[in-house]
Amino acid sequence: MITDLRTTLRSVPLTRPWGADVPANHVVRVEVELADGRIGTGAAWTPQIGAHAVRALLDHDIRDAALGLPAHPELVWDRLSAHLSEAGRGGLATIALAGLDLALWDLRGPLTEVLGERRPEIPVYGSGVNLHYSLDELVAQAERWKGLPAVKIKVGRPTLAEDVERVAAVRSVIGPDTALMVDANQRWDRFRARRAIEALAEFDLFWVEEPLPADDVAGLAELRRRTGVPLACGENVYSVHGFRDLLAAGACDVVQPNVVRVGGITPFLRICTVADAFGVPVYPHLLTEISGQLALTLRQPAMVEHVEDAALADLGLLAEPYPVEISGGRLRATGHPTRWAR
Ligand SMILES: [Mg+2]
């Protein structure tokens with residue numbers, strides 16, 4: 001039975017800011033204590049908006065509703081999700097709920113043991129939050145990524161000519177054998193997206209990520225039908241039903257749920273089951289060490305994203321020993337549980 005829930009908020013500066021408005025990442029560490037004295041730890045994460053609101057939801061609404069419940073992630077998630085629904089079906093409410101859900105899963109043991117590790121290692125791709133980089137800075141980053149199996153850069157500069165120049169420059173640095181993805185972060189409308197994808201197709205893109213607003217499911221489906229380039233999306237989709245709609249519409253080739261934004265491991269696994277039924281692979285979004293452990297257990301192979309110098313361990317958000325090790329563009333589980341730093 002859950003007898004206490006405690007939180008601490010940590011804000012850590014990014015070595016390489018994700019833009020003028022994202023100089024830091026914020027994590028609300030959650031400690032859940034059971035009647036038998038056992039303690040599980042989890043965390044909610046938000047790179048930019050709402051960390052104090054997330055903590056307040058945890059300290060008040062979630063704590064009050066969770067005390068006295070059995071420490072069973074699925075039961076607790078359904079109960080709390082219904083309790084929080086007035087605050088919205090996704091967003092800060094699910095981000096906050098993830099902190100509790102991750103703590104309850106932590107009590108079960110290391111994720112790869114609990115969920116079953118299906119492969120000993122997975123590829124890690126270099127990911128750059130680099131739309132604000134100069135062309136020279138972007139090329140220098142691509143040089144640092146040499147040897148990785150895949151890399152991803154931001155697109156959506158003011159003119160298409162700039163995007164074409166930047167993608168061409170990165171492709172020429174990494175060569176033809178490294179997979180190259182681009183991420184528009186919802187910046188385009190349907191017209192710009194179609195023109196951009198057609199112009200960038202010559203660079204053999206592994207996928208185009210979030211070319212349209214995340215809610216424009218019909219637009220994504222149409223874009224996917226009209227262009228021959230695979231689409232990836234889902235980092236801003238918050239519910240199992242949202243993913244069901246995306247997949248049923250044929251809107252993407254890869255789904256990228258963020259385990260915190262969707263509300264934790266419990267709903268993440270439900271989303272994976274839906275994606276499996278549609279034959280679409282799940283590539284978990286950001287949160288390298290958590291996503292990496294999950295990806296090792298997924299039915300279909302996936303890569304995980306490593307933003308340069310911004311894995312959770314890079315930011316000092318995890319305590320040693322770490323749950324995964326990353327080297328040579330591969331990630332492996334160490335068997336250690338995930339320990340969120342105080
Ligand atoms: Mg993205």
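On a predicted model such as this, the values are computed, not experimentally measured, just so you know. (Residues numbered from 1 in each chain as written. Predicted model: local features only at pLDDT ≥ 70, side-chain atom pairs only at ≥ 80, totals over all residues. Heavy atoms only, no water.)

Pulling in residues and values, what's your account of the overall build of the protein?
What the protein contains, in helices and strands, is 11 helices and 12 strands. On C-alpha atoms alone, the protein measures out to a radius of gyration of 20 Å, which is about the 20 Å that the 2.2 N^0.38 rule sets for 342 residues. Overall, the protein is about 60 × 40 × 40 Å in size when its C-alpha atoms are taken along their principal axes. Taking contacts inside the protein between residues at least 6 apart in sequence as the whole, the part at least 24 apart equals 67%. (Helix = DSSP H or I, 4+ residues; strand = E, 2+ residues; numbered from the N terminus. Rg over C-alpha atoms; globule rule 2.2 N^0.38 Å. Contact = heavy atoms within 4.5 Å.)

Describe the packing of aromatic side chains, and please don't skip the residues or the numbers.
For the structure on display, the rule yields three aromatic pairs. Ring geometry for Y125 and W207: centres 5.9 Å apart, planes at 90°, overall edge-to-face. Of this pair, Y125 sits in strand β4 (residues 122–127) while W207 sits in strand β7 (residues 205–209), and the two are 82 residues apart along the sequence. Taking the relative accessible area as the measure of exposure, Y125 reaches 2% and is therefore buried. With centroids separated by 5.3 Å and ring planes inclined at 90°, the aromatic side chains of W207 and Y283 adopt a geometry described as edge-to-face. Within this pair, whereas W207 is found in strand β7, its partner Y283 is found in the loop between α10 (265–278) and α11 (288–295), the two being separated by 76 residues in sequence. Of the residues examined, W207 reaches a relative accessible area of 0% and is grouped as buried. Members of the aromatic cluster, connected to one another through ring pairs, are Y125, F206, W207 and Y283. If you follow R108 out to its NZ or CZ, it ends over the ring of W105, 4.7 Å from the centre. (Phe/Tyr/Trp six-rings, centres within 6.5 Å; stacked < 30°, edge-to-face > 60°. Buried < 20%, exposed > 50% of the residue type's maximum accessible area, 1.4 Å probe, protein only. Lys NZ or Arg CZ within 6 Å of the ring centre and 35° of its normal.)

Could you give an account of unusual backbone geometry, with specific residues and numbers?
The peptide bond linking E320 to P321 adopts the cis configuration, its omega dihedral lying at -5°. Its identity is not glycine, yet N185 carries a phi of approximately 45°, on the positive side. Take N185: it is sitting in the loop between β6 (179–183) and α7 (190–200).

I'd like to hear about the coordination of the magnesium ion, residue by residue, with values.
Protein-derived coordination of the magnesium ion comes from D183 (OD), E209 (OE) and E235 (OE), at a distance range of 2.0 to 2.1 Å. For the magnesium ion, all donor residues lie on one chain, and their spacing in sequence is D-x25-E-x25-E. Residue E209 is located in strand β7, and its partner E235 is located in the loop between β8 (231–233) and α9 (240–248); the two are separated by 26 residues in the primary sequence. Judged by its relative accessible area of 6%, E235 is buried. (Donors = N, O, S within 2.8 Å, 3.2 Å for Na, K, Ca; no water.)

Explain helix α6 (residues 160–174) residue by residue, including any values.
Here α6 is 15 residues long and its end C-alpha atoms lie 21 Å apart, about the 21 Å a rise of 1.5 Å per residue gives. Along α6, the residues classified as buried are D163, R166, V167, A169, V170, R171, V173 and I174. Among the residues trailing α6, G175 stands out with phi positive, at a value near 85°. (Expected span 1.5 Å × (residues − 1).)

Go over the sheet that holds strand β2 (residues 24–34) with me, naming the residues and quoting the values.
Pairing within the open sheet is antiparallel, and its three strands lie in the order β1-β2-β3. Because the sheet does not close on itself, it has two edges, and the strands there are β1 (2–13) and β3 (39–46). Geometrically, the sheet is characterised by an average inter-axis angle of 20° between neighbouring strands, direction not taken into account. Bridge analysis of β2 against β3 gives eight bridges, and the strand direction is antiparallel. Within the sheet, the bridge partner assigned to E33 lies in β3 and is I39. The strands that helix α3 (residues 92–106) touches are β1, β2 and β3; relative to β3, the one it contacts most, it runs at about 150°. (Pairing = 2+ DSSP bridges. Axes fitted to C-alpha atoms, helices over the stretch in contact; angles between N-to-C directions.)

Can you lay out the state of the cysteines for me, pointing to particular residues and giving the numbers?
Should the sulfur atoms of two cysteines be covalently bonded, the bond is a disulfide. In total, this model carries zero disulfides according to the counting rule given. The structure places no disulfide on C233, whose sulfur is separated from the nearest cysteine sulfur, that of C252, by 4.0 Å. What makes C233 buried here is its relative accessible area of 5%. (Disulfide = S-S within 2.5 Å.)

Before we move on, can you summarise the packing of α6 against α7 with the specific residues and values?
It is the contact of α6 with α7, at a shortest axis distance of 10 Å, that shows an interaxial angle of 30°. It follows that α6 is roughly parallel to α7 by the angle criterion. Crossing of α6 over α7 shows right-handed handedness. Between α6 and α7, the contacting residues are L160, D163, V164 and V167 on the first element and R195, A196, A199 and L200 on the second. Split by residue class, the contact of α6 with α7 holds six nonpolar, no polar and two charged. (Parallel < 35°, antiparallel > 145°, perpendicular 65-115°, else oblique. Left-handed = near helix turned anticlockwise from the far one by under 90°. Nonpolar A, V, L, I, M, F, W, Y, C, P; charged D, E, K, R; others polar.)

Report on the domain arrangement of the protein, specifying residues and quantitative values.
According to the domain assignment, the protein contains domain 1 (2–108) and domain 2 (112–333). Of the residues lining the interface, 30 residues belong to domain 1; the matching set on domain 2 comes to 28 residues. Regarding the contact of domain 1 and domain 2, the summed buried area is about 2,400 Å², with carbon and sulfur atoms giving 67% of it. Summed over the three residues of domain 1 that lose the most area to domain 2, namely R16, W18 and W45, the buried surface amounts to 30% of that side. Taken together, the connections running from domain 1 to domain 2 amount to three salt bridges. (Domains from an automatic or database assignment. Buried area = accessible area lost by both parts, 1.4 Å probe. Salt bridge = Lys/Arg side-chain N within 4 Å of Asp/Glu carboxyl O.)

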